[in-house]
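Spelled out from the first residue to the last, the chains are:
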Amino acid sequence: MYTVLLVDDERSLRESIQELVDWEGNGFKLIGTAENGLDALQLMEKVGSPDLLITDIKMPVMTGIELAQHIKDEYPTTKVVFLSGYDEFQYAKAGIELNIFQYLLKPISEQEIEKTLATIEKQISNEIRAANDLTQVKKEYLDQLEVMKISFLISLLTETYTNVTQQALEDFIGEYKLDFLQNGTVLLTIQLKEESQDVDLIRFSLSNVIRSILTKYSAAEVFLFSGNIVCLMPVHVPLETINKEIIESALKVLNQEIYIGVSEAFSDILATKKAYRQAIEALDFARYTSEGNIIHVTDIEVGKTTADTFENLDEYSLQLAMKTGDMRTVHEQLDKVLKKNNNLDLVASLLYITAIRSLYDSGVEMRDDYTNWYHEFVSQSKYHSASVAAEEIRSFCQKVVNEIAGLRKRYTNTMVAQSLNYMNGNFQDADLSLQTVSKHLSLSPTYFSAVFKKETGQSFIEALTEMKMNHAKKLVLTTSHKMFEIAQASGYNDQHYFSYSFKKYFGISPTQMRRELAQV
């Protein structure tokens, strides 16, 4: 049984529709009637939003158009049917952008309303049935699951998962059917030798070709990431045969020459990130040395790869921690790399680059003392103990964090101050919104909203409403302006909605507040 609310300023019409229509026979329950839009909104606060709203267009206090706008904003699932006279049809067109379900032309017959009810009941039932259609839901779930799986695989290439339990990882592996990752894995990264105008389509087509090759041998995953084709497969597959088949197929099917970078085998799923770095390094070696199409990381002549040297440092996490002032993570990352590496000059070089990137990305002006610190550290480190040198590195990172935090705080304070100034100067504009203010500040609405709430303790709407209400209260108590004038001066186009909002905010209507002041 679906609910319906009937709104019309003609009492006789309301009573006629209420009594004549077989509501329950058409699958509806009439939960109330109202004589204008404002009464309807107040009723909905008590009984909840209806599934269907039938409303006249022309009504005193608040019109059907205005009511439909509020319904769209506050109760978007409610379907709206307009009642209109023939001469109101042009006016009713304003409702098109409000997603009005249907228009009924007065005078309205019982049959017309019941026919409309039957149509709406069928649509609502179909919507609910579709949401509960397990076959369709399963299809959508599997589609979404595939997206989530690829997202998880990409995260294995880029994240460290320091705060994720082994059980949680096993749950992911089970849910995404990636069990082959637990028994020893090798990672391939594949690049095109030449990139044409249709490079994205060619990569996608090549990934499909590679997937069809791998599935002949074993379970595997093939996906696109950062301009590369990434393959994860069990170590027991005939890797040499597979690589050869991939290269020949790319050439025969797509007329493309490719490079393949191969990682070491790894058994711990958390080593996927390291394996990806190895494969990329091998790929770069192949590209820039012309040593052939396939390069295994162990073929690189250097004794230890840079991926091995700093395998314990998550540069992304360190940069993010510096930018956000998360000193706990900064110290964790520093401890990891300092414990595993005795060459403090090399450590300082990497950390210096990471820190400078963080400063640059955050908009901090570069200063000579950053470079001076690095040169002084390198020249003096041989005279210091390892513990003193490590402390110097930590001190430098703390300095970088402080610089970024200071700039961010200054920027945030300025941004919030600018937004409040803009709101104070424009709250009388009824069209002022989160979108207009964020656009004025050249910020995304989501980011602006989050920062505004964090710094002021209020949401944007709460702060704007407070400005409007305080201004309105001042006008109510200190002037003899009429209520419609106060409404407009406070950023409300509709006097009745202003009165409704005023009473909701102060617990008393503006007229009653003025009357009580006069009695004092």
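What you are looking at is a predicted structure, and each value in this text was computed from that prediction instead of being measured.

Now for helix 18 (residues 445-456). Here helix 18 contains 12 residues, and its C-alpha end-to-end distance of 16 Å stays within 8% of the 16 Å for a straight helix at 1.5 Å per residue. Taken together, the buried positions of helix 18 are occupied by F448, V451 and F452. One face of helix 18 carries all of its buried residues, which in axial projection span an arc of 105°. Every exposed residue of helix 18 that faces more than 90 degrees away from the buried side is listed here: T446 and K454. Buried residues in helix 18 make contact with helix 16 (386-426), helix 17 (434-440) and helix 19 (460-478).

Moving on, we get to unusual backbone geometry. One non-glycine residue, K177, lies in positive phi territory at about 55°. As for its position among the elements, K177 is in the loop between helix 7 (166-175) and strand 6 (185-192). Of note, the phi angle at S226 is positive, near 50°, even though the residue is not glycine. Mapped onto the elements, S226 comes out in the loop between strand 7 (221-225) and strand 8 (228-234). Taking the relative accessible area as the measure of exposure, S226 reaches 58% and is therefore exposed.

A few words on the pairing of strand 7. Here strand 7 lies mainly inside the structure; four of its five residues are buried. Pairing of strand 7 with strand 8 involves five bridges; the strand directions are antiparallel. If you follow F223 over to strand 8, its bridge partner there is V230. Between strand 7 and strand 8, which pair antiparallel in sequence order, lie two residues; one of them, S226, sits at a positive phi of approximately 50°.

For the rest of this paragraph, the subject is the packing of helix 16 against helix 18. At a closest axis distance of 10 Å, the pairing of helix 16 and helix 18 adopts a crossing angle of 95°. In terms of orientation, helix 16 lies roughly perpendicular with respect to helix 18. Between helix 16 and helix 18, the contacting residues are K409, Y411, T412, N413, M415, V416, S419, L420 and M423 on the first element and Y447, F448, V451, F452, E455 and T456 on the second. Residue classes in the contact of helix 16 with helix 18 are distributed as nine nonpolar, four polar and two charged.

Low-pLDDT portions of the prediction should not be read for the details of their coordinates. Per-residue confidence for the chain gives a mean pLDDT of 81; residues scoring 70 or more make up 84%. Across the chain, element-level confidence peaks in helix 19 with a mean pLDDT of 94 and bottoms out in helix 11 (residues 306-309) with 46. Residue range residues 301-309 is modelled with pLDDT below 50. Its contacts to residues more than four positions away, or to other chains, number 10 contacts.

Once that is clear, we can look at the packing of helix 19 against helix 22 (residues 510-519). Relative orientation of the contacting elements helix 19 and helix 22 amounts to 40°, with a least axis distance of 9 Å. Comparing the axis directions of helix 19 and helix 22 gives the class oblique. Classified by chirality, the crossing of helix 22 by helix 19 is right-handed. Of the residues in helix 22, those touching helix 19 at K473, L475, V476 and L477 are P510, M513, R514 and L517. Class assignment for the residues of the contact of helix 19 with helix 22 results in six nonpolar, no polar and two charged.

For the structure shown, the criterion picks out 14 aromatic pairs. Residues Y492 and F498 carry aromatic rings whose centres are separated by 5.6 Å and whose planes lie at 55° to one another, so their mutual orientation is tilted. A residue is classified by how much of its surface remains accessible, and Y492, at 11% relative accessible area, is buried. Ring pairs connect the aromatic residues Y492, Y497, F498, Y500, F502, Y505 and F506, which therefore count as one cluster. Sitting above the plane of the Y492 ring, K468 keeps its charged end 4.9 Å from the centroid.

About the thresholds
Residues numbered from 1 in each chain as written. Predicted model: local features only at pLDDT ≥ 70, side-chain atom pairs only at ≥ 80, totals over all residues. Heavy atoms only, no water. Helix = DSSP H or I, 4+ residues; strand = E, 2+ residues; numbered from the N terminus. Expected span 1.5 Å × (residues − 1). Buried < 20%, exposed > 50% of the residue type's maximum accessible area, 1.4 Å probe, protein only. Arc of directions from axis to C-beta. Contact = heavy atoms within 4.5 Å. Pairing = 2+ DSSP bridges. Axes fitted to C-alpha atoms, helices over the stretch in contact; angles between N-to-C directions. Parallel < 35°, antiparallel > 145°, perpendicular 65-115°, else oblique. Nonpolar A, V, L, I, M, F, W, Y, C, P; charged D, E, K, R; others polar. pLDDT = per-residue confidence, 0-100. Left-handed = near helix turned anticlockwise from the far one by under 90°. Phe/Tyr/Trp six-rings, centres within 6.5 Å; stacked < 30°, edge-to-face > 60°. Lys NZ or Arg CZ within 6 Å of the ring centre and 35° of its normal.

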